[in-house]
Amino acid sequence: SLSFNGFQGHILTIETSCESRWIAETFGSLIGLNKVWVDALKNNSGWYWDSGPQQNCIFSTSSNCFTSWDSNQPSTQSNVAISINTQYLFNTLWETNNPSTNNRVIVEYSVISSQSCCENAISTEVGGCERQRIWRNPRNLNFYELIVFNSTGLDRSNALSIANKRVWSTTTGELVSFKHPCDWLWLTQMIDLQSEIDLIDYSSFSLWIGAQKIFSSWKWQDNCDVTMFDWQLNEPSCFDLDSIIIKQNKWETQSSNSLTNGMIVEYVVNSISCTTINSGSHDCGTIVMLNNVNWEKLICNSVNEHIYSRRTVPNMYWYQSIYLTEFLMIHGQYYGHLVTPTSNCENSIIATNYAIDRGWLGGSLVISSNYTYGWRMGPEDGCAFSFGLKPNNKRLNNTFTCFTYWSTIQPDYGGSNEFNMEFYQTYWNDVYLSRTNYPLVEFSKKWNVKNTTCCGSQDFDNCPSGYTTTCPSSEITKYNITVTNSFILASCSPSITPSISITSSITPSITPSITPSIT
């Protein structure tokens, strides 16, 4: 009977592989070796979900449904419930369990009240599960989410309904609005960047935005006038079309009854009053969500071309630090994550430039039974690099040849409650969940290039001669956008071509070549 922001709670149900991985990554170290109930029961027809959007859906008899049974499961015993073990590398494993067993419970609050059996209105599988497609705008500090629909698509009314039901933190979503040209420029860069990460050209998708024609005027969802446009060639259409989509990073008119590939949802943390966009030059500033108050100077590693910084205040929990750093970005090209040093050179650069008592690392315990530690983010996301407790060597344990830099008596699991990893001076240490630390952020340029082995021939080498940690001047170049009259033109005049002039020495050039696929 629990509720949150108007959404009814229910016992956890797991309907996709992405959700399974997210549950394991988010709750695995919190739950430890305990098991967790999912709300699945068994009848004569098979296993079915007893609550949630797919209530009464029988998932055990169709290959279209997601399952994650452990070996030799489900058993032939007359058990009528399922428990999951989250302590396996980035996944949940299911097993039948006696309903009288005392297991942990995770409460799930579903935004969508009902779905067809084994089908999601939002395609969570597109692009894999590397990260959520949520970005934070460094100019207005609002959050934006790219949502991809399944192959059927959704019209504007249904898209708007889903957007208004979604919640990020405590903020309700709405279809995106653009009240400053820099916000539009920034979003196009985020779409291009996400395309590179997921190897899917999202710019070719048709995506709903919040603009809609009310009588003869274009309005945003909050009833503000739309005062800037970036029309595609031969747009706006002279036909009676009442909505706008974005495609190929331009705007097109569209009927609200049309079915599109997805939408952009905005979570407005800081409301923006209705504005009029004037022609002329608009300084968009440096597209990097860092400021001099809370973050130390940027350090650029010439060896791997990664960038680093440290948040000086306040101290934060490990999971808080994950969410904070993954919203950081530089120029729409580098994504942030907690640091994942994979070589002696990289480890020494971080330790030397941010000489601190403690700071969070992007790794944690991933399998309790054999004390396996792995990286949980960045290019090394999913890589296990350390097995067993208290390796004999600080950088090379007896089981695996990946780079590690444990303190001489670490990891020790601290009496079964130390799951996360931290820098302790220059060495690594496993630490309990309730500790707070300084977030150490690393910016990696290519998330889609995974270092799946964790180990390389240079892992144990010192930095090569001639390496630098000074950021080139291009890293602080500002973006500037010039708004022309045709950019803000709203009338039906297909012969006029809109134009945006971006003056910058480092304009991103991301051109995904992968044909989009919607599943």
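Residues numbered from 1 in each chain as written. Predicted model: local features only at pLDDT ≥ 70, side-chain atom pairs only at ≥ 80, totals over all residues. Heavy atoms only, no water.

J.: What should I look at first to understand the environment of V431 in this one?
T.: When you line up the elements, V431 lands in strand β28 (residues 427-432). In this structure, the C-alpha to C-alpha distance between V431 and N420, residues eleven residues apart in sequence, is 5.4 Å. Excluding anything up to four places from it in sequence, V431 contacts W360, N417, E418, F419, N420 and E422. (Helix = DSSP H or I, 4+ residues; strand = E, 2+ residues; numbered from the N terminus. Contact = heavy atoms within 4.5 Å.)

J.: Where do I start with the pattern of salt bridges in this structure?
T.: Opposite charge on two side chains permits pairing when their charged atoms draw close. A full pass over the atoms with the stated rule returns five salt bridges. A salt bridge links K179 to D222, with the shortest nitrogen-to-oxygen separation between them at 2.3 Å. Remark: D222 occurs in the loop between β15 (217-219) and β16 (243-247) and K179 occurs in the loop between β13 (171-175) and α3 (181-198); sequence separation between them is 43 residues. For D225, the salt bridge goes to K219, with nearest N and O atoms at 2.5 Å. Three or more residues are tied together by salt bridges with common partners; here these are R358, E422 and R435. (Salt bridge = Lys/Arg side-chain N within 4 Å of Asp/Glu carboxyl O.)

J.: Got a minute to help me understand the pairing of strand β18 (residues 262-267) in this structure?
T.: When a strand is regular, its side chains alternate between the sheet's two faces. Along β18, six of the six residues are buried, which leaves the element largely enclosed by surrounding structure. On β18, burial covers both faces: G262, I264 and E266 on one face and M263, V265 and Y267 on the other are all buried. Bridge analysis of strand β11 (residues 143-148) against β18 gives six bridges, and the strand direction is antiparallel. In the sheet register, L146 faces β18, and the bridge partner there is I264. (Buried < 20%, exposed > 50% of the residue type's maximum accessible area, 1.4 Å probe, protein only. Pairing = 2+ DSSP bridges.)

J.: When you look at the state of the cysteines in this model, what are you seeing that I'm missing?
T.: What we call a disulfide is simply a covalent bond connecting the sulfur atoms of a pair of cysteines. A complete count under the given rule lists two disulfides for this structure. Between the sulfur atoms of C224 and its disulfide mate C274 the distance is 1.8 Å. Every disulfide takes its handedness from the sign of the S-S torsion; for C224 and C274 that torsion is -80°, giving left-handed. Within this pair, whereas C224 is found in the loop between β15 and β16, its partner C274 is found in the loop between β18 and β19 (280-285), the two being separated by 50 residues in sequence. Under the relative-accessibility criterion, C224 is labelled buried at 4%. Between the sulfur atoms of C345 and its disulfide partner C463 the distance amounts to 2.0 Å. (Disulfide = S-S within 2.5 Å.)

J.: Could you clarify how one ought to interpret helix α5 (residues 344-353) in this entry?
T.: Think of an α-helix as 3.6 residues a turn; residues three or four steps apart then line up on the same face. Of all ten residues in α5, seven are buried, a share of seventy percent or more. For α5, the secondary structure elements touched by its buried residues are β20 (299-301), β21 (306-310), β27 (418-424), β28 and β29 (438-444).

Just geometry here; none of it tells us what the structure is for.
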